[in-house]
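Fold and contact review
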Amino acid sequence: MAETFSDLGRIEAIDQLYRLSAYNPVSGLSYTSAKGGKIVTASRMFLEGIDFNLVYFPLKHLGYKCVVGTVGELYATLAHPKLLNVVLGISAKLDFPQIKELWLGITVAAKEHGFEAVNLDLQPSNNGLFLSMSATGETSLLTDKRRMAAKSKDLICVSGSLGAAFLGLQVMERGAKQFQESGEQPDMTQYRMLVGSYLRPELDASVVERLEDVVIYPSYGYFVTRGLSDALKRLSRDSGLGAKVYADKIPFEGNSFQLGKELDMDPVSAAMNGGDDNRLLFVVPILHLEKFRREFQTFDIIGHLAQPEAGTVLVTPEGVEFPVKAQGWPDNEE
């Protein structure tokens, strides 16, 4: 009987496909430039009906979010954005003024994040709107030389609240359902921060430059888009070390727990597995603890690396350790 994707999971499926080739999996594509820095590329595809719903997603916000959702992969590798290639697959239901709104959001974000050039191509689509983004950046000459090897007790830090985007999506879905049933526009004012986290995520465009200025070079960096659990799994796999994250250190938007009660949904679970947060996770050497706290006050320290035998765990306020599980990873993966 043929194996299905649900049997394998995303990570195992990717690994098996790589084993059929002469290539090895990498986190982003890169090569060394003539100046000694690395050229890094990051690509993402955004599909209508899977990654966004045009019923409630403003096109300008969508364009902006897709750029942020791609450039974050460059920042995770400490690369400065240089070039952005955009392909839009356009269905017949969208007219040119709507595409202009989408393009405006893309170019606003591209300018904000310092892209020197943006290339655009348009393609017809029979299955709704899709956006293909490919970003190219470059690391500084000293980045790899100054990065220290990761060690147990090094700090795991994130650039902002987690789970907010997933909860914001639930608010939008609930509002769309209410509108279909009653014809009345629901009031979502009290959850505007959660909704904003989903519709228009913010990412500090100066983060790489600031790290370089204060001479802090994270040993590992990840862009959190599939939940914190997935990022922690990748960190443990790549570093060969364990990781401990503390539930009471995870940052949340103010109304997360109130909404969680309404939806019968645990905000911690949303942070671990909800996805779409568009946050940066860095591993910072513990010797830089005080300097990092002083210079990067918008980041939260949520845990630390540990010896391999500790595994990858979430620690409750009571001190109970639960093995981290992530969608797409085998249950026994450590």
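Residues numbered from 1 in each chain as written. Predicted model: local features only at pLDDT ≥ 70, side-chain atom pairs only at ≥ 80, totals over all residues. Heavy atoms only, no water.

1. Things to note about the overall build of the protein
Which entries qualify depends on this criterion: Numbering of helices and strands runs from the N terminus; a helix is a DSSP stretch of H or I covering at least four residues, while a strand is a stretch of E covering at least two. Here the globule rule reads 2.2 Å times residues to the power 0.38, and the radius of gyration is calculated from C-alpha atoms. Accessibility here uses a 1.4 Å probe with only protein chains present; expressed as a share of the type maximum, an area under 20% marks a residue as buried, one over 50% as exposed, and anything in between as partly exposed. Whether two residues are in contact is decided by their heavy atoms: any pair within 4.5 Å suffices. What sets the accessible areas is the Shrake-Rupley method with a 1.4 Å probe; for residues, cover comes only from the shown protein chains. Two residue types count as positive, namely Lys and Arg, and two as negative, namely Asp and Glu; His and chain ends fall outside the count. Where a charge sits is defined by one atom per residue type, namely NZ (Lys), CZ (Arg), CG (Asp) or CD (Glu).
A count of helical and extended segments in the protein gives 12 helices and 12 strands. A globule of 334 residues ought to have a C-alpha radius of gyration of about 20 Å, and the protein, at 20 Å, matches this closely. By principal-axis analysis of the C-alpha atoms, the protein measures approximately 55 × 55 × 50 Å. In the protein, which comprises 334 residues, the share counted as buried stands at 47%. Of the contacts made within the protein by residues no fewer than 6 positions apart, 83% connect residues no fewer than 24 positions apart. Surface summary for the protein: the accessible area is close to 17,000 Å², and the carbon and sulfur share equals 52%. Averaging the coordinates of the 33 positive side-chain charges in the protein and doing the same for the 42 negative ones gives two points 5 Å apart.

2. Observations concerning helix H9 (residues 228-239)
Since the α-helix turns once every 3.6 residues, residues separated by three or four places project in the same direction. Heads up, the rule is: Between the first and last residue of a helix there are one fewer steps than residues, each counted as 1.5 Å, and that sum is the expected span.
The end-to-end C-alpha distance of H9, which contains 12 residues, comes to 16 Å, matching closely the 16 Å that a straight helix rising 1.5 Å per residue would cover. For H9, the buried fraction is high: 10 of the 12 residues fall into the buried class. Among the residues of H9, those classed as buried are Leu228, Ser229, Asp230, Ala231, Leu232, Lys233, Arg234, Leu235, Ser236 and Ser239. One or two positions beyond H9, positive phi appears at Gly240, with a value near 75 degrees.

3. Quick word on the packing of helix H6 (residues 164-182) against helix H7 (residues 192-199)
Note the cut-off: Only the stretch in contact is used when fitting a helix axis, every axis being a line fitted to C-alpha atoms; angles between N-to-C directions are given from 0 to 180 degrees. The cut-offs work like this: below 35 degrees is roughly parallel, past 145 is roughly antiparallel, 65 to 115 is roughly perpendicular, and the gaps in between are oblique.
The interhelical angle for the contact between H6 and H7, taken along N-to-C directions, is 105 degrees, at an axis separation of 7 Å. Relative to H7, the element H6 lies roughly perpendicular. Residues Ala164, Ala165, Gly168, Leu169, Val171 and Met172 of H6 touch H7, and the partners they reach there are Leu194, Val195, Ser197, Tyr198 and Leu199.

4. Some details on the sheet that holds strand E6 (residues 155-158)
Let me state the cut-off plainly: A pair of strands is considered paired only if DSSP assigns at least 2 bridges between the two.
Reading across the sheet, the 7 strands line up as E7-E9-E6-E10-E8-E11-E12 and stay open at both edges, with mixed pairing between neighbours. Sheet topology places strand E7 (220-224) and strand E12 (321-323) at the edges, where each strand pairs with a single neighbour. Strand-to-strand twist across the sheet, computed as the mean angle between neighbouring axes with direction ignored, equals 25 degrees. Across the sheet, H9 lies against E6, E7, strand E8 (242-246), strand E9 (279-284), strand E10 (300-306) and strand E11 (312-315), angled at about 155 degrees from E7, the strand it touches most.

5. Side note on the packing of H6 against helix H10 (residues 256-263)
Let me state the cut-off plainly: Note on convention: near helix rotated counterclockwise from far helix by under a right angle means a left-handed crossing. Clockwise means right-handed. Under the scheme applied, nonpolar residues are Ala, Val, Leu, Ile, Met, Phe, Trp, Tyr, Cys and Pro; charged residues are Asp, Glu, Lys and Arg; polar residues are all the others, including Gly.
Between H6 and H10, the least distance of the axes is 11 Å, while the angle of their chain directions is 45 degrees. Taken together, the axes of H6 and H10 are oblique relative to one another. In the packing of H6 onto H10, the handedness of the crossing is left-handed. In this structure, H6 contributes Leu167, Gln170, Val171 and Arg174 to the contact, and H10 contributes Ser256, Leu259, Glu262 and Leu263. Class assignment of the residues belonging to the contact of H6 with H10 gives a composition of 4 nonpolar, 2 polar and 2 charged.

6. Examining the packing of aromatic side chains
Test applied: Side-chain rings of Phe, Tyr and Trp (the six-membered ring for Trp) are treated as a pair once their centres are within 6.5 Å; stacked means planes under 30 degrees apart, edge-to-face means over 60, and tilted covers the remaining angles.
Under the counting rule described, the total for this entry stands at 7 aromatic pairs. Measuring from centroid to centroid gives 5.5 Å for Phe57 and Tyr198, while their planes differ by 55 degrees, and the two rings are tilted. Residue Phe57 is located in the loop between strand E2 (38-47) and helix H3 (59-76), and its partner Tyr198 is located in helix H7; the two are separated by 141 residues in the primary sequence. What makes Phe57 buried here is its relative accessible area of 3%. A relative accessible area of 3% means that Tyr198 is categorised as buried. Geometrically, the ring pair formed by Tyr220 and Tyr222 is stacked, given 6.5 Å between the ring centres and 5 degrees between the ring planes. Using a relative accessible area of 23% as the deciding quantity, one classes Tyr220 as partly exposed.

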